[in-house]
Amino acid sequence: MPFDFFSLEMMICFITLLCAYLVFGMAGFGSALIATPVLAMYLPLNMIVPILALIDLTAALLNLIKDGKNADYQEIKWIIPLMVVGSLIGAAILLKTRPDILVLLLGIFVIFYVLHSFFSKKGQSHFSKVLVIPFSLVGGVFSALFGSGGFIYAMYLSSRIADKQRFRITQMILIGFSTLTRVIIFLVMGVYVNTDILLMALAFSPAMLLGIWAGRHITLKISREAFLKIINIIILISGITLLYRYFFIL
């Protein structure tokens, strides 16, 4: 498509990305979930994924530089190796079979989990450390299959990390690491030789900067209870999206 900075389509994409990175700035994930459906109306998917990968990685790096000291590296050191193993499993599944049933089962599980969190009188449960294994593996699997495993890590971390700022930066580092692998793959494949992708990523970067700045400041001002509700709403949307993918796309 012609690259026109001042077209109506570009303005819509810019505003969409501003909203997407407002959520990313608050929760540490969810940008692709919000941005992709709108961007897909104006850009081919094979451009959207590498564009968002570049912007997500940049956002994660900026937050790492600013708030990296607040991350929970005890959680990170367990999740990343398991995430890598899960990604390899996901790649193998993709080569061997269609992952339809996995999408359906995970979508149902996520929706029931969030509804339980909303209506449980006990409030947010505290996950055992041993659950890092299934959550990290499944997150890696779905990152490899669909490029969207962030909400799975968020389900685990939101029950393990009490401080909302610590949760946010820990989640961002995980997303940054996951995105880094995709950026490297795109580089090796020569995807970024397409200058339109680089120009669009650059043009959309101000939306990312404004979004994560606003999201960070909102997170600092709201209560933990309100923050957890926002996280659960984003996770619920992720679950509904999985069911939509199963019934209408796959």
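Here, every reference points to the structure presented above.
A.B. asks: Please explain the overall build of the protein chain as it appears in this structure.
C.D. replies: Looking only at helices and strands, one finds 10 helices and zero strands in the protein chain. Sequence-ordered secondary structure for the protein chain, helices as α and strands as β, is α-α-α-α-α-α-α-α-α-α. On C-alpha atoms alone, the protein chain measures out to a radius of gyration of 17 Å, which is about the 18 Å that the 2.2 N^0.38 rule sets for 250 residues. Based on the C-alpha atoms only, the size of the protein chain along its principal axes is roughly 55 × 45 × 30 Å. Burial statistics for the protein chain: of 250 residues in total, 49% are counted as buried. Considering only contacts in the protein chain between residues 6 or more positions apart, those separated by 24 or more positions represent 82%. Working note: accessible area of the protein chain is about 12400 Å², and carbon and sulfur atoms make up 74% of it. Here the protein chain holds 18 positive side-chain charges and 10 negative ones, and the gap between their average locations is 11 Å.

A.B. asks: Teacher, can you tell me more about the environment of Ile240 here?
C.D. replies: Looking at the element boundaries, Ile240 is found in helix 10 (residues 224-249). Sequence-wise, Ile240 and Gly107 are 133 residues apart; in three dimensions their C-alpha atoms are separated by 6.5 Å.

A.B. asks: Sorry, what's going on with the side chain of Lys164 here?
C.D. replies: Within the secondary structure layout, Lys164 lies in helix 8 (residues 164-189). Here Lys164 is buried and forms no salt bridge, its nearest opposite-charge partner Asp163 lying at an N-O distance of 6.0 Å. When sequence neighbours within four positions are dropped, the list of residues in contact with Lys164 reads Thr219, Leu220, Ile222, Ser223, Arg224 and Phe227.

A.B. asks: Where do I start with the state of the cysteines in this structure?
C.D. replies: Throughout this description, disulfide means a covalent bond between two cysteine sulfur atoms. Summed over the entire model, instances satisfying the criterion amount to zero disulfides. No disulfide involves Cys13; its nearest neighbouring cysteine sulfur is the one of Cys19, lying 12 Å away.

Criteria and thresholds
Residues numbered from 1 in each chain as written. Predicted model: local features only at pLDDT ≥ 70, side-chain atom pairs only at ≥ 80, totals over all residues. Heavy atoms only, no water. Helix = DSSP H or I, 4+ residues; strand = E, 2+ residues; numbered from the N terminus. Rg over C-alpha atoms; globule rule 2.2 N^0.38 Å. Buried < 20%, exposed > 50% of the residue type's maximum accessible area, 1.4 Å probe, protein only. Contact = heavy atoms within 4.5 Å. Areas by Shrake-Rupley, 256 points an atom, 1.4 Å probe, with all protein chains shown as cover. Lys, Arg positive; Asp, Glu negative; His and termini not counted. Charge placed at Lys NZ, Arg CZ, Asp CG, Glu CD. Salt bridge = Lys/Arg side-chain N within 4 Å of Asp/Glu carboxyl O. Disulfide = S-S within 2.5 Å.

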